[in-house]
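# A closer look at the structure
Each chain, letter by letter, is given below.
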Amino acid sequence: MNETSSSQLPESVDVLIIGAGAAGLMCAATAGQRGRSVLVLDHANKVGKKILMSGGGRCNFTNLYTAPENFYSENPHFCKSALARYTQWDFIALVEKHGIPYHEKTLGQLFCDNKSKDIVDLLLAECRAAKAQICTRCSIQSIEALQKGYLVDTSLGRVACESLVIATGGLSIPTMGATGFGYDVARQFGLNIIPTRAALVPFTQHKRQLERQQELPGSALAVTASCGEGSFNEQMLFTHRGLSGPAVLQISSHWREGQAVEFDLAPGYDLAEWLQQRYAEKPDSHLHNVLAEIWSKKLVQHFLRRHGVDSRPLKQYGASELAAIGNRLQTWQLVPAGTEGYRTAEVTLGGVDTDCISSRTMECKTQPGLYFIGEVLDVTGWLGGYNFQWAWASGHAAGEVA
Ligand SMILES: Cc1cc2nc3c(=O)[nH]c(=O)nc-3n(C[C@H](O)[C@H](O)[C@H](O)COP(=O)(O)OP(=O)(O)OC[C@H]3O[C@@H](n4cnc5c(N)ncnc54)[C@H](O)[C@@H]3O)c2cc1C
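This one's a predicted model, so the numbers in the text were calculated from it and none came from an experiment.

Turning next to the overall build of the chain. Check the secondary structure of the chain and you find 13 helices and 22 strands. With respect to the three principal axes, the spread of C-alpha positions in the chain is 85 × 40 × 35 Å. Taking contacts inside the chain between residues at least 6 apart in sequence as the whole, the part at least 24 apart equals 72%. Carbon and sulfur atoms make up 48% of the accessible area of the chain, which amounts to about 17,000 Å² in all. In the chain, the 36 positive side-chain charges and the 39 negative ones have mean positions that sit 5 Å from each other.

What follows is the structure, given as structure tokens:
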């Protein structure tokens, strides 16, 4: 049995992994290669659903510049050990070993040339080679700690194991099979949970704001989005519900209800100064034509209307008036109504408190033989392949010892 949904489960295995996502499959392959008997159980009808839908269907499987600074956690040091021992270069080597074509899109983000399924096939091939068994459509009913090991009751029977690995991910996209199961297991064994919230998620805006920008959905522009200590220079997209695009997803991880987000709508420009230069070079040009060098015509019209600015030839404005227009157009402060929540979030901030977990092995400090890996832990990456790199690294760390 490698991947099955109906076979009889073994009565006992060395390593039982709950969750056949990115972290669980990496852990299974790693532990199996050490000669451990491994069983992976998942309640979904197929493995790696989030991998399949990731990166717009092309899976942004790692980032060339992965570093601990790209992760959020109550303990920012926790991720260092695992990331150092299984790096982006290790996963790239695995991708190359399987002959999967890939490319760098931007900012070190590596994507499959073809489709995300290549990464799921890679993981399944590694699990097959390691003789790890995978069983889908299997729900977990209870977990009991024994003197040594664990007893797990499932919809397909009871399995005893020496090591139990929880790899059930976070809460984002419940329709893809996400549950709070991992947090429940952590609570069962007295572990603390850092409060969770949807992250890498689009902002929603109030109805009145949406009405004012109803011609904009589909328009995108480069911005610097800043909130609290976060600042990201990427694309922003206007949607029918509010704002999305990489800059918005990134800053959503820093935002809290009621806070303002500041957007620099023309990063790299000092619009006040730039308009003065344009005035010196092309005094007869209309303001809207000059601004169309930076933004689309639709955005220019919208921004001018929002600030009540009439478009005239540049020579008809005074120098201080032009500077004031540049300053007003440059920045936009917005208090989002909220976020789209777990329905569309890519990840969950918070999770199992890393204080309870060994950063080297992912084993629970107070519960020998119990491991937590991947997104269920309070380690959350930026947008750009970092979350998968955490899944590979933490899965590998546990797989080496479980
Ligand atoms: C739309 C989208 C796009 C994304 N794109 C990227 C990207 O391009 N790059 C990137 O780095 N990250 C991306 N991410 C984030 C990335 O998918 C996750 O961080 C990563 O999958 C986490 O791996 P994991 O193994 O911890 O959890 P998951 O991959 O979520 O796997 C958890 C598994 O546990 C199973 N499970 C859950 N509850 C139970 C239960 N009660 N019983 C049994 N099984 C259970 C689930 O069915 C699932 O198979 C994306 C996420 C989304 C939602």
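Continuing now.
In the numbering used here, UniProt assigns the feature "domain: RsdA/BaiN/AoA(So)-like insert" (unreviewed entry) to residues 197-347. As annotated, residues 197-347 comprises 34% helix and 24% strand, and the C-alpha atoms at either end are separated by 9 Å.

Another point: the environment of Gly 381. Looking at the secondary structure, you find Gly 381 in strand β22 (residues 380-381). For the pair Gly 381 and Ala 22, spaced 359 residues apart in the sequence, the C-alpha separation amounts to 14 Å. Residue contacts for Gly 381: discarding those within four places in its chain leaves Asn 70, Phe 71, Tyr 72, Leu 200, Tyr 386 and Asn 387.

All right, on to the site of the ligand then. Every one of the 31 residues lining the ligand counts as a neighbour, but Ala 23, Asp 42, Thr 179, Glu 375 and Phe 388 are closest to it. Here Asp 42 contributes a side-chain N or O atom positioned 2.5 Å from an oxygen atom of the ligand. The separation between an oxygen atom of the ligand and a polar main-chain atom of Gly 55 is 3.1 Å. Considering the ligand on its own, with 1,000 Å² of exposed area, one finds that the protein chains cover 93% of that surface. If you list the elements that add at least two residues to the shell around the ligand, you get α1 (22-33), α2 (49-53) and α13 (386-399).

Here the chain is partitioned into domain 1 (12-197 + 347-399) and domain 2 (202-339). Interface of domain 1 and domain 2: buried area, both sides summed, is about 750 Å²; carbon and sulfur atoms make up 54% of it. Counting the surface domain 1 buries against domain 2, the share from its top three residues, Tyr 72, Arg 197 and Leu 383, is 68%. In this assembly, domain 1 and domain 2 are joined by one salt bridge. The shortest N-O distance in the salt bridge between Arg 197 and Glu 257 comes to 3.2 Å. Connecting domain 1 to domain 2 are four residue pairs in polar contact (both at pLDDT 80 or more). Residue classes in the side of domain 1 that touches domain 2 are distributed as five nonpolar, no polar and one charged.

Criteria and cut-off values
Residues numbered from 1 in each chain as written. Predicted model: local features only at pLDDT ≥ 70, side-chain atom pairs only at ≥ 80, totals over all residues. Heavy atoms only, no water. Helix = DSSP H or I, 4+ residues; strand = E, 2+ residues; numbered from the N terminus. Contact = heavy atoms within 4.5 Å. Areas by Shrake-Rupley, 256 points an atom, 1.4 Å probe, with all protein chains shown as cover. Lys, Arg positive; Asp, Glu negative; His and termini not counted. Charge placed at Lys NZ, Arg CZ, Asp CG, Glu CD. UniProt positions renumbered as here; feature names shortened; annotations may be inferred. Near = heavy atom within 4 Å. Polar contact = N/O pair within 3.5 Å; in protein donor to acceptor, adjacent residues only side chain to side chain. Domains from an automatic or database assignment. Buried area = accessible area lost by both parts, 1.4 Å probe. Salt bridge = Lys/Arg side-chain N within 4 Å of Asp/Glu carboxyl O. Nonpolar A, V, L, I, M, F, W, Y, C, P; charged D, E, K, R; others polar.

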